[in-house]
Each structure stands twice: as structure tokens, then as C-alpha cells.
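Observations on the three-dimensional arrangement
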Amino acid sequence: MSINKPIYILGPCAAESREQVLLTASQLKDACGEIPFIYRAGAWKPRTSPHTFQGVGEEGLVWLQEVKQRLGLPVATEVATPEHVTKALEAGMDYLWIGARSSANPLAVQAIADAIGDWKLVNGNFKGILIKNPVNADAGLWIGNIERLEKTGVPVIAVHRGCNHQPCWAMAHQVRLARPDIPMLLDPSHMSGEAAKVPELIQKIEELGLDGAMVEVHCDPKSALSDNAQQLTPKGLAEIFASDRVSSPMGGETKELNWLRAEIDELDERLWGTIAARMEVSERIGKWKKAHGVAPLQPERYQQIVEKLKIKNEELKDKSLSTDFMLHIWELIHQESLRKQE
Ligand code: PEP
Ligand code: MN
């Protein structure tokens, strides 16, 4: 069965109340106009902390059923256990998704796949299972999960939601190259954790030839019981659709140079972050030195650092950097570090 593209999965992080689920759905329907979408809301929320909102559970499925019946929208919810699969499919969900925390556990994914296998012939509505990338950037684990799920015979869709509120383009690129046949969506909401960053990230769908997006949208984001900083209003989403940030129809083809550039941007950001973090530790060392009457420049310590790096660099063999280049960079870093310790 083929799914029309682009695929948009829109709705609140969590089902919180009947009013919130129905109001968000109807506002989204108005905001999207002719653009088809699947309505999402999490009934069970696998939250990091047990002290936060854990979802309303099964009751949320009843509200999603109502959205389906009244507004004619296909509906989706998250599953983390075989019991969730049974309850969600009994309630007529069209799509299910597996979140990043469950995706890090192959036994959980296998148990969900087995439960789907038992159900797919019973629920004629069931159209697909979405698998987010695991919370850690492990392309192999994500691909393994896709393979576990596709054995059920139900269409599988990958969702790149990044790690620690950052995109992981290298991981997503690896999965795209390994499985170009599996649609891949972008989840700019969990990828950034900030509603203001969603419009720019959404442009990546077109740039990278992705197949659509899962975006969190809430009728009143600031009152949301989970992920309140990252949810858009339906109006905010409509503005993105109306701008030229999303041009339809999608290319669908993989745009190799753009993927490689996304990987470089990700690495640059990490390099920058690592250098900034190093400078911060260096400043703390500077304070210690001042307090203990030690001069900022300690030539033997710098020599030690450089010698260790040279050994590491040689271990890289054909991937090693030229020694001159490496020494040049560390000389610059060291100078700046000394400047911060003055
Ligand atoms: C969600 O989609 O609301 C969710 C919990 O996502 P993730 O598993 O990506 O954190
Ligand atoms: Mn969420």
C-alpha cells in the first residue's frame, strides 16, 4: 500500500483533555485547508522523569476516535508496550508510532512488532507504524528496528527526531542510504525543543528530499502539560505552510550534496561547542592557577598535550591529520586559552 506524500503528522504532544484534543484538531483542519494530514496525540507518555505528566492513558484514545469520526481525520498515537498496541488498534488508530526511548530498546520494539503481527489482519484501518530514531545516535539500531517492524508486513516510516534537541544528520543520512525505500519524516519539534526553530528546520524536508514531517501543534502551547516550549499553534503552522519554506510537491529524491552539507554543519556546530566548552574549563583552571600563584604558561604541560595528540593521530592511520595542521590548530587553541587565563 502506498502512502500519499508529503506525509504530515500533526497534533499535540499529549492528549490532555477532550476539549484540547478536539479543539486542536478542528483548528488544525482549518489551518491546513487542502493539505492532508494525520492527527497525532500521545495517550501514554514515556517521560524522562516520573514526576511529570505521564499521559491520560486509554481515555485519550476515545478522544482520538471522536476526532476521527467527527472530522474524518486519520489518527495516530504512541505505543510502548504490546498492551498499548492492542488497546490502540482496538480503538481504531490508523497509525502507531514508537518513540525514541522505546526505540533504544530492541526487545521493546520486537514485542511491539509481535503484537502488531497478531493484530494487522483484525484492524482493517491500520495503515502504518512509525519508528523514531533512538535517543542515542545509533543508525544500526534504528535500521534494526525498521527490519523488526517490516516483518509484520505493515508499512514502516522512519522519523528523524534527533538526539538531545539536536539533529543527527550523519545518522539519518546513513539510514537514508541504507534504506532509501523507507519513507523518512522530520520531527523538527523534538529535534529542537523550541517552536521558534521549527520553521528553519522544516526547510530541510525540501533540501534533503525527505518525505514529510511530524510536528507538534497545540491549541494553547503555553498551557501544555508536556513539551510546551516546542509546540506551535495551528496558526503558527499555517504561517509556515503559507511561506515558501515548504514547497510542495517534495522531490522525494535524495539530495546527496545537501545531506553532506548538513553533516558538515552538524560537525561544525559540535566543533564549536567542544572548543567553547574547552575554553570554559580553561578559564576555571586559570582561576585555580591565580589562587595558587601558578603562571598561566606551563610549557611542559602543553608539550604533554601535544605528544598525546600526536600518538592518537598516528593511531588514526589513513584518517590521520597532517601533523603540521594539527599542531597549528592546537597552537591557536592554546594561545586563546592562555589569553583567557591572564
Ligand atoms: C512524542 O512524539 O511526543 C515523543 C514522546 O517523541 P520522542 O519519542 O521523539 O521523544
Ligand atoms: Mn512530545
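The notes below deal with the structure included here. All values derive from a computational prediction rather than experimental measurement.

Moving on to the coordination of the manganese ion (ligand 2). Within the first shell, the manganese ion (ligand 2) binds the protein through Cys 13 (SG), His 190 (NE2), Glu 216 (OE) and Asp 227 (OD), at distances of 2.1 to 2.4 Å. Going along the chain, you hit the donors of the manganese ion (ligand 2) in the pattern C-x176-H-x25-E-x10-D. Taken together, the residues Cys 13 in the loop between β1 (7–11) and α1 (18–32) and Asp 227 in the loop between β8 (212–216) and α10 (234–242) connect sequence positions 214 residues apart. When its relative accessible area of 1% is taken as the criterion, Cys 13 is described as buried.

The next point concerns the site of ligand 1. Neighbouring residues of ligand 1: Cys 13, Arg 40, Lys 45, Glu 78, Trp 97, Gly 99, Ala 100, Arg 101, Lys 132, Arg 161, His 190 and Glu 216. A distance of 2.7 Å separates an oxygen atom of ligand 1 from a polar side-chain atom of Arg 40. Contact between ligand 1 and Ala 100: an oxygen atom at 2.7 Å from a main-chain N or O atom of the residue. Among the residues making up the shell around ligand 1, the classes are represented as three nonpolar, two polar and seven charged.

Attention now goes to the packing of aromatic side chains. Enumeration according to the criterion identifies two aromatic pairs in this entry. Measuring from ring centre to ring centre gives 5.0 Å for Tyr 8 and Phe 241, while their planes differ by 65°; the resulting arrangement is edge-to-face. You can see Tyr 8 sitting in strand β1 and its partner Phe 241 sitting in helix α10, a full 233 residues away along the chain. By the burial criterion, Tyr 8 is buried, and Phe 241 matches it.

Pairing between side chains becomes possible if they bear opposite charge and their charged atoms approach one another. Considering all chains together, one arrives at 21 salt bridges under this definition. In this structure, Glu 66 and Arg 18 form a salt bridge, with 2.5 Å as the shortest nitrogen-oxygen distance. Of this pair, Glu 66 sits in helix α2 (residues 59–71) while Arg 18 sits in helix α1, placing them 48 residues apart in sequence. Among the salt bridges present, the one from Lys 87 reaches Glu 83, with a minimum N-O distance of 2.8 Å. Placement of both Lys 87 and Glu 83 in helix α3 (residues 82–90) is noted, with a separation of four residues, approximately one turn of the helix.

A few words now on helix α6 (residues 139–150). In an α-helix, one turn spans 3.6 residues, which is why side chains three or four residues apart end up on the same side. Compared with the 16 Å implied by 1.5 Å per residue over 12 residues, the 17 Å span of α6 between its first and last C-alpha is a close match. Looking only at α6, the buried set comprises Ala 139, Leu 141, Trp 142, Ile 143, Gly 144, Asn 145, Ile 146 and Leu 149. Regarding α6, its N-cap is Asp 138, as a side-chain oxygen of that residue lies 3.1 Å from the backbone nitrogen of Gly 140 further along.

Moving on, we get to the pairing of strand β3 (residues 75–78). By the alternation rule, side chains of β3 split into Val 75 and Thr 77 and Ala 76 and Glu 78, which are all buried. Direction of pairing for strand β2 (residues 38–40) relative to β3: parallel, over a ladder of two bridges. Note on β3: the bridge partner recorded for Arg 40 is Ala 76. One crossover worth recording links β2 to the parallel β3 by way of α2, and it is right-handed. Strand direction decides the pairing type here: β3 and strand β4 (residues 95–98), joined by three bridges, are parallel. Residue pairing across strands places Ala 76 opposite Tyr 95, the latter belonging to β4.

This next bit is on the packing of α6 against helix α7 (residues 169–178). Between α6 and α7, whose axes approach to 9 Å, the crossing angle comes to 40°. Classified by the angle their axes make, α6 and α7 are oblique. Crossing of α6 over α7 shows right-handed handedness. On α7, the residues touching Ala 139, Trp 142, Ile 143 and Ile 146 of α6 are Met 171, Ala 172, Gln 174, Val 175 and Ala 178. Here the contact of α6 with α7 is composed, by residue class, of eight nonpolar, one polar and no charged.

What counts and how
- Residues numbered from 1 in each chain as written.
- Chains lettered and ligands numbered in written order.
- Predicted model: local features only at pLDDT ≥ 70, side-chain atom pairs only at ≥ 80, totals over all residues.
- Heavy atoms only, no water.
- Donors = N, O, S within 2.8 Å, 3.2 Å for Na, K, Ca; no water.
- Helix = DSSP H or I, 4+ residues; strand = E, 2+ residues; numbered from the N terminus.
- Buried < 20%, exposed > 50% of the residue type's maximum accessible area, 1.4 Å probe, protein only.
- Near = heavy atom within 4 Å.
- Polar contact = N/O pair within 3.5 Å; in protein donor to acceptor, adjacent residues only side chain to side chain.
- Nonpolar A, V, L, I, M, F, W, Y, C, P; charged D, E, K, R; others polar.
- Phe/Tyr/Trp six-rings, centres within 6.5 Å; stacked < 30°, edge-to-face > 60°.
- Salt bridge = Lys/Arg side-chain N within 4 Å of Asp/Glu carboxyl O.
- Expected span 1.5 Å × (residues − 1).
- Pairing = 2+ DSSP bridges.
- Right-handed = clockwise from strand over helix to strand, strands pointing away.
- Axes fitted to C-alpha atoms, helices over the stretch in contact; angles between N-to-C directions.
- Parallel < 35°, antiparallel > 145°, perpendicular 65-115°, else oblique.
- Left-handed = near helix turned anticlockwise from the far one by under 90°.
- Contact = heavy atoms within 4.5 Å.

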